[in-house]
Amino acid sequence: MLTKDEAQKLANKVMGYSTFADCQVSVTSAEQAYTRFANNGITAAAFSLRHDVSIAVTRDGCTGVYAADDLDDAALRAAVKKAEEFAAIAPPNPERLEPVGAQKFPDLPAFDDRTAKARAPEMIPHVKTIVDEAVKRKLVAAGLIERTHRLSAIANKAGLAGFHESADSQLTTTIRMEDGSSSGWAGQPSARISEIDSAALANTACDKCLRWKNPRRIEPGNYTVVLEPTATGDIVRLIGSGFSARSTDEGRTFLSKRGGGNLLGEKLFPEYISLRSDPLDWRQPSVPWTSDLLPTRPMAWIEKGVVGSLAYDRYWASKTGKQPTPGLGGGGSGAGGLSLELDGSDATLDSLIASVERGLLITHFWYIRAVNPQTLQQTGLTRDGVFLIENGKVTAPVMNLRFLESPVRLLKNTVKVGQAKRVRGLEGGLMVAPSLVATDFPLPSISDAV
Amino acid sequence: MAATAAAMADQLFAAPEGSKTPSSDLEKLGAAALAEAGKYKASYCDIRIVRLRNQRIGTRLSPERGTNRTLAVPTVAEDSSFGFGVRVIVNGAWGFASSPLVTKEEIARITGEAVVIAKANASIQSRPVRLVPVKAYRERWETPHETDPFDVPMAQKLDLLRSVAEEVKKNSRVFGSVATLSLRSEDKYFASTEGASIQQLILQIYGNLDATAVDVQKGISRSRSYTPTQASAGWEYVPEMNLAENAMRIREEVVEHLSAPPVKPGKKDLILMPNHLMLTIHESVAHPTELDRSLGYEANYAGTSYITLKTRGERIASEHCTFVGDRISPRALGTVGFDDDGVMTSEFTIVDKGIFRNFQTTREQAAILGDKESHGCSQADSWATVPFQRMPNVYLKPGSQDTTPEDLIAGIDDGILIDGRGSYSIDQQRYNFQFGGDAFWEIKGGKRGGMISSVAYQARTPDFWQACDGTAGPAYWRQFGTTGDAKGEPTQINSISHGCSPTRFRQVNVLVTD
C-alpha cells in the first residue's frame, strides 16, 4: 500500500513526465482482504494489493488516456508517452472544458484504521461465530467477510491537488436447511469492522431460515409490501440515473416533461419522502470530489416529496447556465452515488408490520435489471425470506415472487417509512435506507427458488 | 532477472518465431514460487503471472443544445495491468495471495503469505481439498490470429467508428448514436508443482453500435443496437462485423421502434434469434449446470441451482435440445488452450436430447464427483483473483439440415420474433426468468408482421425448454458473446460465447412492460 506522501509524489512525478500543458494524473492504491465460507467451512481467502496510475493528457481539445499499475519509472514514462500518442491521434472533444484549478475539498470523516488493517485473525472469528451457530441448529452457512482500504491522489497542471483515504467492510451470510428446503439471509456493511455483529447476523439469518420453511404458494398480483431496509435500498438506489439534468432536458428520463422542460420543483412523492446524498455522513465512506474533480457536497434530490435538484456535470451546467453539482450515481456521475440516503423515521419494523391488514414482508431482492431506462421500471425477485402479513401479524412463509416495478412508483406508493440504516444489496449497491410500507407493488409471477 | 520485471513484461511474454514452449524467464519466475511452497511443505502450489491490456475506442454523436449541430465526442483510452497470484494447498485448505511487483523476491514473499492464509483457513474446514490428476503440460498457446488488434493504428480504429456512427445518424429522426470497440489482450503464464508450465496469449474483440430516438411530444425514448459476435480473434475479424451495413439497418429500425405499438400480453409462441437466445442459454442452461452452485459453494451470492446431483439422467428439456460445453471452438470468448488448473480444454455434453448428463467442473470439483478428470472450467479474471469454476462456451446444437427459420415461423398462428439483448433476470436457483429483447416483430398466421414494442417473457426454466419444439438447421447457427458474466465473491467478470440457430418455443407467457 502506498502512503499519502508516496501517492502525492508519484502523481507529481508522473505529471512532470508529460510535455503537455494539460495533464491530469490519478493515483490509486487499494488493498482487499476477505474470507469466503460455504457448507460450514472456509472455501477461499485472499489478500490483494492493486495500484492504478491513470494519466489523461489534452492538447487542442484532443485527449488521450492511459492507465497502468506498474510504478517503475521507465514504465510510467512509457505510459505518459502512450497517452500523449493517443492525444495526438484523437479528434478534438467538443464537450471538453478547461481543466479545473486548485480546489478546497471538504474534510470527510476519517477512515477507521482498524478496518483498513484487518486480516484473517480479525475475520475468521466472525466466520466461526456464524458456522458454530449454524451447526448448532443443524443448518448450513455460507457467506463473505471482507474489508477494503483505498487511497487516491489526484493532481493536474492547473494547480489541482487532492488526497483521500477510506476503508470499508462487510459481512453477509446465507443460512440454508441441510436439505436445501429453506434459506435466510442477513448482512451488515460497516465503515468500522469493530461494529460488525456476527452473532446478531447469525441469529437473524438462522431464524429467518427456520421460519421460512415450507413456504405457501400465493396468487401473483399487486400486494401491499413491507420492505426491510436492504430491500428498500435494492430498488430505491436505482432512481439515480433519472436525475441526470442532461438526459432529462433531452426528454429521456421520468423527470422529462412531455413537450419539453422538466419536473424540477414539482411534488411527485408523499411529503415523508426525502432523498439526499451526504458525503459527510461517516457511515458511508465516500470521496471528497465529484467526477468533474470539483468539491462534493450534500444534495437534496427529493425534499419532502418535491423534486429538489437535478444532477449537472460541468459541461451541461455550462450549456444551461447552471452550477455543476455532485452526481446521484447510476451513471458514474460522482460522489453523490456513494452516499445516497432515503430519510426514515422512528417507527420500528414491527410497527410497520402492525399497520398492514394484508401484505407481504420482504427480506431483500435479487437479480434486479432495468426493463425501461426511461421510466426506470425494474424486474427482479424476492429472496431468502418472504412472509404473509395478516391483520398486522406475520402469519406464514410464502414462495418467492418476481417483481416488476420502478423506484419512482414505489416511492409514490409509499405510505410509511421506518428506521433507516446503511445497507448493501447482494449486487453491491450501498445506501442508507429505511424499512417502508408501499401499496400496489406488482408481483406478477411465482418462483420455485429457495 | 531485472529488479523490476514489470518493466520487462513485453520481453517476458514475447514469442520468438516458432516457439512452442514458454519463455525461460517466465519459467524461472514460476520456479521461485514452487520452490518456496516446497519449503513450507505445501501439498500443491500454482502461480499465474498475467499481463492484461484493454483498449477502449468510441465515438458518440449527440445534438448540441441550442444549435442544429451534431457533436462527435471521441474516447481513446487504454489500460494495462501486470502482476501474479499464488495459490497453495496446506493442511487441506486453499490459500491465495497476489502482488503487482513481479520479482523473484516478491514471489517468494507472497507464496509465504498464501501459506499463512491457507493455514488459517484450515481451522474451519468442511472437507479437505483434493484434486483429480492432470497431465503435466509444457506448452505455449495463442488465440489464432493474423494481426494483433493492439498493433493496428489507432487512427484506423477511430475512422471506422466515426464513419459507422455517422451512418446511423444519417436519418434526421435519430437523436444520437454511439459506436465502440473494446480490445482485450491477456498474456498468462501458469506453473504448478505438478509439472505444468504453460504460456498463453488470449485476444478478444468486442464491438457495438447503439441508436437512440426520442419523441419529446409523446415522452418516449427508444433504442436499437447492433452487437456483432464478440470474438476471440485478431483484427482480421473486424471487417466481418459488418458494422457499416448494420448501421444503416438499425437507423431505420430505431425510428420504427419509436412508433411501434405495445404488445398485447398473453400466451404466445416465440421465435428467438441466436443473438437473443444466447443469453437465455447463458442464464437458464449454462449457469444452473455449474457444479459449485449445486454443491452450495455460491449460496451466499450467485445462488444454488435447480439442477442437483440427483438430476443426472433426468429430462430437463425437450428432445430438440442438446447442449455442449467447450473451450475449444474457434473465435469463442471462452476458448483457451488450458484452464487455470492447467487442464487442457475439451468439449463435453451437458444435455443430450433433453437429458441432463454432465456438470461443468474444475479439478477440485471432479474429485468431489468421483470423476477421473476435470472438464477444464477453472478461471480467474485477473492475476489478483482466485481461480474458481466458470462456465465454458455452451451451445445448443442446430436442428435438422433442412429446417429453416421460415419453416418455424410458418407454424405459428400468434407469436413474436425476438432479436437482440434486452433486460434479463433470473432467480438464484435458475427457475423463474424474465427476458426482454432489443427488437420485436409480430407473427400472425405464419407470417412475420410489423415491429411491436414493450415485450418481455417470463417462464420457468424446465417448462420453457420442454416447450422448445424446433430449432433451425446448421446453416442458420450463429455464435454470440457476452462480456459481463458476474459470479463469485468478491465478484469476478467473465467473457463467454453461446451459439444456436433460430429456435421456436410454444405458449410462453408474454408481458407488456413500460
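None of these values were measured; they are calculated from a predicted model.

## Some remarks on the overall build of chain A
Piece 1. Assigned secondary structure in chain A consists of ten helices and 18 strands.
Piece 2. Taking 450 residues into account, the globule formula puts the C-alpha radius of gyration at 22 Å, and chain A, at 24 Å, falls close to it.
Piece 3. Dimensions of chain A, computed from the C-alpha atoms along their principal axes, are close to 70 × 60 × 35 Å.
Piece 4. Put simply, chain A has 450 residues, and 58% of those count as buried.
Piece 5. In chain A, of all internal contacts separated by at least 6 residues, the share reaching a separation of at least 24 is 72%.
Piece 6. For chain A, the exposed area adds up to about 16400 Å²; of that, 48% sits on carbon and sulfur atoms.

## Section: the interface of chain A and chain B
Piece 1. Residue-level contacts link 89 residues of chain A with 81 residues of chain B.
Piece 2. Each partner contributes to the roughly 6900 Å² buried at the junction of chain A and chain B, and carbon and sulfur atoms together form 53% of this total.
Piece 3. When the area that chain A buries against chain B is broken down by residue, the three leading residues are Arg36(A), Asp69(A) and Tyr367(A), summing to 9%.
Piece 4. Remark: the boundary between chain A and chain B carries seven salt bridges.
Piece 5. A salt bridge links Arg409(A) to Asp514(B); the nearest nitrogen and oxygen atoms lie 3.1 Å apart.
Piece 6. Summed over the shared surface of chain A and chain B, the number is 40 residue pairs in polar contact (both at pLDDT 80 or more).
Piece 7. Considering every element that reaches the side of chain A that touches chain B, the biggest residue donor is strand β2 (residues 41-59) of chain A, with eleven residues.
Piece 8. Residue composition of the side of chain A that touches chain B, grouped by class: 38 nonpolar, 28 polar and 23 charged.
Piece 9. Pairing analysis gives three bridges linking strand β3 (residues 62-68) of chain A to strand β2 (residues 70-90) of chain B, with the strands arranged parallel. Looking across to β2(B), one finds that Val65(A) is bridged to Ala77(B).

## A closer look at the packing of aromatic side chains
Piece 1. On inspection of all chains with the given rule, the structure shows 25 aromatic pairs over all chains.
Piece 2. Between Phe365(A) and Phe441(A) the ring centres are 6.0 Å apart and the planes differ by 40°, which places this aromatic pair in the tilted class. You can see Phe365(A) sitting in strand β12 (residues 358-372) and its partner Phe441(A) sitting in strand β17 (residues 430-443), a full 76 residues away along the chain.
Piece 3. Here the aromatic rings of Trp465(B) and Phe505(B) are separated by 5.3 Å at their centres, their planes lie at 75°, and the arrangement is edge-to-face. Of this pair, Trp465(B) sits in helix α10 (residues 461-466) while Phe505(B) sits in strand β25 (residues 503-512), placing them 40 residues apart in sequence.
Piece 4. Residue Trp465(B) is classed as buried on the basis of its relative accessible area, which comes to 1%.
Piece 5. For Phe505(B), a relative accessible area of 0% gives the class buried.
Piece 6. In this arrangement the basic side chain of Arg50(A) is found over the ring face of Trp383(B), its NZ or CZ atom lying 5.9 Å from the centre.
Piece 7. The ring of Phe47(A) is capped by Arg119(A), whose NZ or CZ atom sits 3.9 Å from the centre of that ring.

## What to know about the environment of Val236(A)
Residue and element names in this part refer to chain A.
Piece 1. Along the chain, Val236 falls in helix α6 (residues 229-236).
Piece 2. Along the sequence, Val236 and Arg358 sit 122 residues apart, while their C-alpha atoms lie 23 Å from each other.
Piece 3. Beyond its immediate chain neighbours, meaning those up to four positions away, Val236 contacts Leu275, Leu342, Pro407, Leu410, Leu411 and Met431.

## Quick notes on the pattern of salt bridges
Piece 1. Throughout the structure, instances matching the rule amount to 67 salt bridges over all chains.
Piece 2. Linking Asp341(B) and Arg87(B) is a salt bridge whose minimum nitrogen-to-oxygen distance equals 2.8 Å. You can see Asp341(B) sitting in the loop between β10 (323-326) and β11 (347-352) and its partner Arg87(B) sitting in strand β2, a full 254 residues away along the chain.
Piece 3. Note on Asp341(B): relative accessible area 6%, which makes it buried.
Piece 4. Connected through salt bridges with shared partners, the residues Glu95(A), Arg246(A), Glu250(A), Arg252(A) and Arg60(B) form a single ionic network.

## Looking at the domain arrangement of chain A
Residues and elements named next belong to chain A.
Piece 1. The assigned domain composition of chain A is domain 1 (4-209) and domain 2 (214-450).
Piece 2. Listed by partner, the interface residues are 38 residues for domain 1 and 32 residues for domain 2.
Piece 3. Buried surface at the junction of domain 1 and domain 2, summed over both partners, amounts to about 2900 Å²; 64% is from carbon and sulfur atoms.
Piece 4. When the buried surface of domain 1 facing domain 2 is broken down by residue, Trp185, Pro189 and Lys208 rank first, second and third, together holding 22% of it.
Piece 5. Applying the counting rule to domain 1 against domain 2 returns three salt bridges.
Piece 6. Between the two partners, domain 1 and domain 2, sit nine residue pairs in polar contact (both at pLDDT 80 or more).
Piece 7. Of all the secondary-structure elements, those providing two or more residues to the side of domain 1 that touches domain 2 are β4 (139-156), β5 (161-177) and β6 (183-190).
Piece 8. At nine residues, the largest contribution of residues to the side of domain 1 that touches domain 2 is made by β5.
Piece 9. In the side of domain 1 that touches domain 2, the residues fall into 14 nonpolar, 14 polar and ten charged.

The rules behind these values
Residues numbered from 1 in each chain as written. Chains lettered and ligands numbered in written order. Predicted model: local features only at pLDDT ≥ 70, side-chain atom pairs only at ≥ 80, totals over all residues. Heavy atoms only, no water. Helix = DSSP H or I, 4+ residues; strand = E, 2+ residues; numbered from the N terminus. Rg over C-alpha atoms; globule rule 2.2 N^0.38 Å. Buried < 20%, exposed > 50% of the residue type's maximum accessible area, 1.4 Å probe, protein only. Contact = heavy atoms within 4.5 Å. Areas by Shrake-Rupley, 256 points an atom, 1.4 Å probe, with all protein chains shown as cover. Buried area = accessible area lost by both parts, 1.4 Å probe. Salt bridge = Lys/Arg side-chain N within 4 Å of Asp/Glu carboxyl O. Polar contact = N/O pair within 3.5 Å; in protein donor to acceptor, adjacent residues only side chain to side chain. Nonpolar A, V, L, I, M, F, W, Y, C, P; charged D, E, K, R; others polar. Pairing = 2+ DSSP bridges. Phe/Tyr/Trp six-rings, centres within 6.5 Å; stacked < 30°, edge-to-face > 60°. Lys NZ or Arg CZ within 6 Å of the ring centre and 35° of its normal. Domains from an automatic or database assignment.

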